[in-house]
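Read off the chains here:
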Amino acid sequence: MTTIRFGTDGWRDIIADGFTVENVRIVAQAIASYTKEIGQQEQPVLVGHDTRFLGRRFAEEVAAVLTANDIRTYLVNEAAPTPAVAFGVKHFAASGAIMITASHNPPEYNGIKYIPEYAGPATPVITQRLEEWISETCQAKSVRTISLAEAKARKLLQVIVLRPHYEAHLRRMVNMDVLKNSSLSVVVDAMHGAGMGYVSGFLSEAGVKNVGIREVPDAAFGGDLPEPNDKHLHLLKKEVVERQASLGLANDGDADRFGVVDRFGQYITPNEALVLLTYHLRKNRGLSGRIVRTVATTHLLDRMAKHYGLELVETPVGFKYVGEEMRKGDVLIGGEESGGASILGHIPEKDGVLINLLLAEMCAYENKGIDQILRDVYEQFGELFHTRLDMKLPEKDQWIQQMIANPPALIGPYQVLEIQRVDGVKLLLEEGHWVLIRPSGTEPLVRIYCEATNATALQKLQDAIREWFLEINV
Ligand SMILES: O=P(O)(O)OC[C@H]1O[C@H](O)[C@H](O)[C@@H](O)[C@@H]1O
């Protein structure tokens, strides 16, 4: 039997290999046992799924196990974004939610995210306890399950409509009037995921000219990955340019991540989007609070925090850590380099739908293209240059451990001034450049992030790093 592990953000495995009905039932049973252990069995549990292959079927299997354990189960009536399901946890005062999704992974994957009662990603303490319950469930072979008909007859199962509640909340978070009066035209790319119709529907309601692409469910994701990054947004780039739109907005498979393209079809990185949003929330919305970013996220946010007199908090990679800070309160924006963010007044979970709408709102407020606003930001705060290398190394763990224990004293011509070990190893260099080396928690990769205060320095850092790998023949 394959081991079920909760990685950076839930359990993911290949459908019919590790991700089987049997294993899904085991995870559901473990969550049922955990829910009872923490005394929350009287509250309902939400069950949602995205557009992946067999998503509905797996969600029903989960519901059958929860109800067999006498836990009231609210099964979401259709494919839904992870942030909508997380919002539903708060809205329905649930003890938590089980979301069937493998986020932006390839189509052959599916997975489970557990969202506890605070409506954000499960903390490592919780996932560790779940893993313990999983192994106990396997040993004791203690999975309970009943038919959905019986669950309904015993009034334990209810199919719920979630979307209007989440949309009502979005209307409170986004300034519809500003959008209404704008001359924006947007292309929205749902990448065949659960975000279908959410961003485009909201924009239409606000009277913003927009067109949706890849807004039909496709478990094969059109032969692409539902990952809204530079590599996978070629269609959106093309459509934005061809239609002479002012903005392109995308979401990943479960719509917790965002992706942005400017009017020239140029990709806007999540680091840039975070900087833009911070600027917008301060300048146009007059909001205040702490800025939370992961170790891998741009230090331009630090400059902005300093300028605005706001506290900056750094966390390890993973929105579970950002969310944890948000739960302490007073966070203006929490975000990460991989395309996740949330803001003040929202749930402590990354929400690609909300972020996309806020970026459109920003363009409407400023009456400018996102590229122009970015230039304004750079004029005021200076520009930083960043990149990420994802490396497949044969001896990954050994290499990383060595790097963490004995990092180099020099990277290219730049001396290491400070070593931090919050997540992997982060080397703060001369002139304000930095390099972070860490193992991915979701893929068998080493991630190397670099940020420099000028483009030449970034190139020198990248060259130096490539040389390390030439030495070990990768
Ligand atoms: O770099 P990794 O460990 O692979 O994690 C990358 C990302 O994975 C998931 O999407 C998490 O939700 C994110 O919070 C995290 O940033």
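Here the residue numbers are simple positions, counted from 1 along each chain's written sequence. Totals for whole chains, interfaces and linings use every residue, but because this is a predicted model, local features are given only for residues with pLDDT of at least 70 and side-chain atom pairs only at 80 or more, for both listing and counting. In computing side-chain values, all of the structure's heavy atoms are included and hydrogens and water are not.

The name recorded for the chain in an unreviewed UniProt entry is Phosphoglucomutase, from Brevibacillus porteri. UniProt positions are given in the numbering used here, feature names are shortened, and annotations may be inferred rather than shown by experiment. What UniProt records for the chain under Sequence similarities (unreviewed entry) is the sentence "Belongs to the phosphohexose mutase family."

**Q** Looking at this structure, how should I read the UniProt feature "domain: Alpha-D-phosphohexomutase C-terminal" (unreviewed entry) in the chain?
**A** The residues that UniProt annotates with the feature "domain: Alpha-D-phosphohexomutase C-terminal" (unreviewed entry) are residues 419–467. Summarising residues 419–467: 27% helix, 41% strand, and an end-to-end C-alpha distance of 21 Å. Helix numbers and strand numbers start at the N terminus; a helix is a DSSP run of H or I with at least 4 residues, a strand a run of E with at least 2.

**Q** Can you walk me through the site of the ligand in this structure?
**A** Neighbouring the ligand are 16 residues, the closest being Glu336, Lys350, Ser440, Gly441 and Thr442. Pairing of N or O atoms within 3.5 Å defines a polar contact, subject to two protein rules: one partner must be a possible hydrogen donor and the other a possible acceptor, and residues neighboring in sequence count only if both atoms are side-chain atoms. One of the backbone nitrogen or oxygen atoms of phenylalanine 319 is found 2.7 Å away from an oxygen atom of the ligand. When isolated, the ligand has an accessible area of 390 Å², and the protein chains bury 98% of it. Residue composition of the shell around the ligand, by class: three nonpolar, seven polar and six charged. The nearness test applies per residue and asks whether one of its heavy atoms lies within 4 Å of the molecule or strand. Computed by Shrake-Rupley with a 1.4 Å probe, the accessible areas treat only the displayed protein chains as cover when residues are assessed. Asp, Glu, Lys and Arg are counted as charged, while Ala, Val, Leu, Ile, Met, Phe, Trp, Tyr, Cys and Pro are counted as nonpolar; the rest, among them Gly, fall into the polar class.

**Q** Teacher, can you tell me more about the pattern of salt bridges here?
**A** A side chain of one charge can pair with a side chain of the opposite charge when the charged atoms of the two come close. By definition here, a salt bridge exists when the distance from a side-chain nitrogen of Lys or Arg to a carboxyl oxygen of Asp or Glu is within 4 Å. Here the structure, examined in full by the defined rule, presents 36 salt bridges. Glutamate 366 is the partner of lysine 283 in a salt bridge, and the nearest nitrogen-oxygen pair spans 2.7 Å. In this pair, lysine 283 sits in helix α10 (residues 270–283) while glutamate 366 sits in helix α13 (residues 352–366), placing the two residues 83 residues apart along the sequence. Take glutamate 366: its relative accessible area is 10%, and that puts it in the buried class. Partly exposed describes any residue whose relative accessible area lies between the buried limit of under 20% and the exposed limit of over 50%, with all areas from a 1.4 Å probe on protein chains only and scaled to the type maximum.

**Q** Would you explain helix α15 (residues 396–405) in this entry?
**A** Residues separated by three or four positions in an α-helix point in the same direction, a consequence of the helix having 3.6 residues per turn. By the burial criterion, the buried members of α15 are Lys396, Trp399, Ile400, Met403 and Ile404. Relative to the axis of α15, the buried residues are bounded by an arc of 130 degrees and lie together on one face. Looking at α15, the residues exposed on the side facing more than 90 degrees away from the buried face are Asp397, Gln401 and Ala405. Only heavy atoms enter the contact rule, under which two residues are in contact if any of them lie within 4.5 Å. Where α15 is buried, its residues meet β19 (425–429), β20 (434–439), β21 (446–452) and α16 (455–471). Taking the helix axis as origin, the arc is that swept by the directions to the C-beta atoms.

**Q** Which parts of the structure should I look at to understand the UniProt feature "domain: Alpha-D-phosphohexomutase alpha/beta/alpha" (unreviewed entry) in the chain?
**A** Those places that UniProt annotates as "domain: Alpha-D-phosphohexomutase alpha/beta/alpha" (unreviewed entry) correspond, in this numbering, to residues 5–136, 166–263 and 270–381. Taken end to end, residues 270–381 comprises 54% helix and 17% strand; its first and last C-alpha atoms sit 17 Å apart.

**Q** Could you clarify how one ought to interpret the pairing of strand β5 (residues 109–116) in this entry?
**A** In the case of a regular strand, side chains alternate between the two sheet surfaces. Among the eight residues in β5, seven count as buried, and that is most of the element. Across four bridges, strand β1 (residues 11–14) lies against β5 in antiparallel orientation. Looking at the pairing, tryptophan 11 lines up with isoleucine 112 of β5. By definition, two strands form a pair when at least two bridges between them are found by DSSP. Across five bridges, the pairing between strand β4 (residues 96–100) and β5 is antiparallel. Across the sheet, residue methionine 99 finds its bridge partner in β5, namely lysine 113.

**Q** What am I meant to see in the environment of glutamate 467 here?
**A** Tracing the sequence through the fold places glutamate 467 in helix α16. Overall, the relative accessible area of 48% leaves glutamate 467 in the partly exposed class. C-alpha separation for the pair glutamate 467 and alanine 245, spaced 222 residues apart in sequence, amounts to 42 Å.

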